[in-house]
Amino acid sequence: MSLVEFLEEWNSDSPYVHVRTSGSTGEPKPMKVEKRRMLASARITCDFLGLKEGDTALLCMSLDYIAGKMMVVRAIERGLKLEVVKPSGHPLAETNVCPVFAAMVPMQVYNSLQVPEERERLKMIRHLIIGGGAIDEALAQELKAFPNHVWSTYGMTETLSHIALRRLSGPEASEWYTPFPSVSISLNDEGCLVIDAPEVCEERLVTNDMAVIQRGQSSCVTFRILGRKDNVICSGGIKIQAEEVERLLRPHLRNPYLISKRPDPKFGEAVVLLTEGDTASAKEVCESVLQPYQRPKAYVSVSQIPLTETGKPARRQAELLAKV
């Protein structure tokens with residue numbers, strides 16, 4: 001979708017905008033969301049970040065998905081000056097503007113860090129929010145030294161982009177997300193995060209994200225995501241969270257990798273590691289870093305780790321590769 005097409009839809013008489021889910025756990029699904037709730041979400045983010053009329057905002061993500069659409073809505077709601085570049089892996093190569101505000105996926109941030117000119121522009125962005133995928137440990141360490149505000153976002157299409165942020169830069173860097181003041185969170189009996197965000201989502205949203213909640217001083221509530229319920233591997237009666245195993249391996253494996261599973265006659269399900277690198281070296285790392293029950297039963301070399309259009313792991317496709 002082009003910017004002109006989205007603005008035509010936004011300015012139409014319909015109170016709704018059509019969006020697609022990202023497809024990280026299956027096929028992308030069409031949805032329609034209320035414009036008034038998109039405006040509410042935009043206002044919450046702009047208020048939190050202190051964005052004001054005339055600030056520049058970089059649109060470098062596809063308008064087929066909620067993240068791109070919400071950048072436009074934030075510009076409309078707050079009167080931001082929108083700098084539009086074609087979605088690509090190197091968004092800062094397409095502009096000389098150093099925006100006050102930008103939203104990117106991890107791949108775009110990683111690529112920008114590899115080019116000195118782009119790296120300097122990235123460091124000059126006053127507020128950078130990163131969503132759409134996990135933040136690699138090495139990437140997080142680089143961003144921690146950035147002089148301005150860098151945030152990891154938590155949210156989904158149903159919450160009209162993010163409902164919580166965690167700081168990646170500076171002394172306030174943390175693995176724990178802080179919900180916006182208008183958002184309440186809890187856990188259900190399965191340990192999945194439950195979101196009450198009445199300004200952006202009409203109904204209480206029960207997610208598939210396994211989480212831990214901690215309550216600090218002054219009633220401050222934060223949470224950490226363990227992984228998706230769909231990605232729990234039941235192996236020999238033990239529940240293993242794929243994302244947690246990936247997190248443990250992150251400081252040690254340089255080549256792209258993904259934890260998946262395959263049916264197993266003895267264990268029910270077996271942990272499988274897909275890697276773009278050497279399987280022997282990956283196995284050596286796993287045996288030294290992971291607990292015995294977490295270690296993969298098989299290692300599969302692939303030419304490319306499967307990803308969705310928005311750069312998230314394509315888990316269902318990965319399971320097909322893991323069965324080979």
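Our subject is the structure listed above.
Residues numbered from 1 in each chain as written. Predicted model: local features only at pLDDT ≥ 70, side-chain atom pairs only at ≥ 80, totals over all residues. Heavy atoms only, no water.

**Things to note about empty space enclosed by the protein**
Over the atoms, a rolling probe the size of a water molecule traces out where space has been left empty.
Then step 1. Considering all chains together, one arrives at two cavities of 30 Å³ or more under this definition.
Then step 2. The calculated volume of the largest cavity comes to roughly 80 Å³.
Then step 3. In this structure, the largest cavity is lined by Asp230, Asn231, Ile233, Ala242, Ile259, Ser260, Lys261, Arg315, Ala318 and Glu319.
Then step 4. Broken down by secondary-structure element, the contributors of at least two residues to the lining of the largest cavity are strand 16 (257-264) and helix 9 (315-322). (1 Å grid on protein atoms, 1.4 Å probe; cavity = no way out; pocket = protein on both sides within 12 Å on 5 of 7 lines; lining within 4 Å. Points joined across faces, edges and corners; volume = space filled by probe spheres on them. Helix = DSSP H or I, 4+ residues; strand = E, 2+ residues; numbered from the N terminus.)

**Considerations on the nonpolar core**
Then step 1. Met38, Met104, Val109, Leu122, Leu128, Tyr154 and Ile195 are the most contacted members of the largest nonpolar core, which has 66 residues in total.
Then step 2. Among residues more than four places away in sequence, those in contact with leucine 128 are Ala102, Met104, Val109, Leu122, His149, Val150 and Trp151.
Then step 3. Counting 15 residues, the second-largest nonpolar core is a separate cluster that includes Ile240, Val245, Cys286 and Leu290. (Core = buried A, V, L, I, M, F, W, Y, C linked by side-chain atoms within 4.5 Å. Buried < 20%, exposed > 50% of the residue type's maximum accessible area, 1.4 Å probe, protein only. Contact = heavy atoms within 4.5 Å.)

**Examining the sheet that holds strand 9 (residues 178-179)**
Then step 1. Judged by pairing direction, the sheet is mixed, and its seven strands sit side by side in the order 4-3-5-6-7-8-9 without closing on themselves. Each having just a single partner strand, strand 4 (81-84) and strand 9 make up the two edges of the open sheet.
Then step 2. Direction of pairing for strand 3 (residues 56-59) relative to strand 4: parallel, over a ladder of four bridges. Counterpart to threonine 56 in the pairing with strand 4 is lysine 81.
Then step 3. Running over the sheet, helix 2 (residues 35-49) touches strand 5 (101-104), strand 6 (127-130), strand 7 (149-156) and strand 8 (161-167) and is turned about 20° from strand 8. (Pairing = 2+ DSSP bridges. Axes fitted to C-alpha atoms, helices over the stretch in contact; angles between N-to-C directions.)

**Describing the side chain of histidine 162**
Then step 1. Relative to the elements of secondary structure, histidine 162 occurs in strand 8.
Then step 2. Within polar-contact distance, the side chain of histidine 162 engages the side chain of threonine 45 at 2.9 Å.
Then step 3. At 3.2 Å, the side chain of histidine 162 forms a polar contact with the side chain of serine 161.
Then step 4. For histidine 162, the residues in contact, after removing those within four places along its chain, are Thr45, Arg74, Ile129, Thr153, Tyr154, Gly155 and Phe180. (Polar contact = N/O pair within 3.5 Å; in protein donor to acceptor, adjacent residues only side chain to side chain.)

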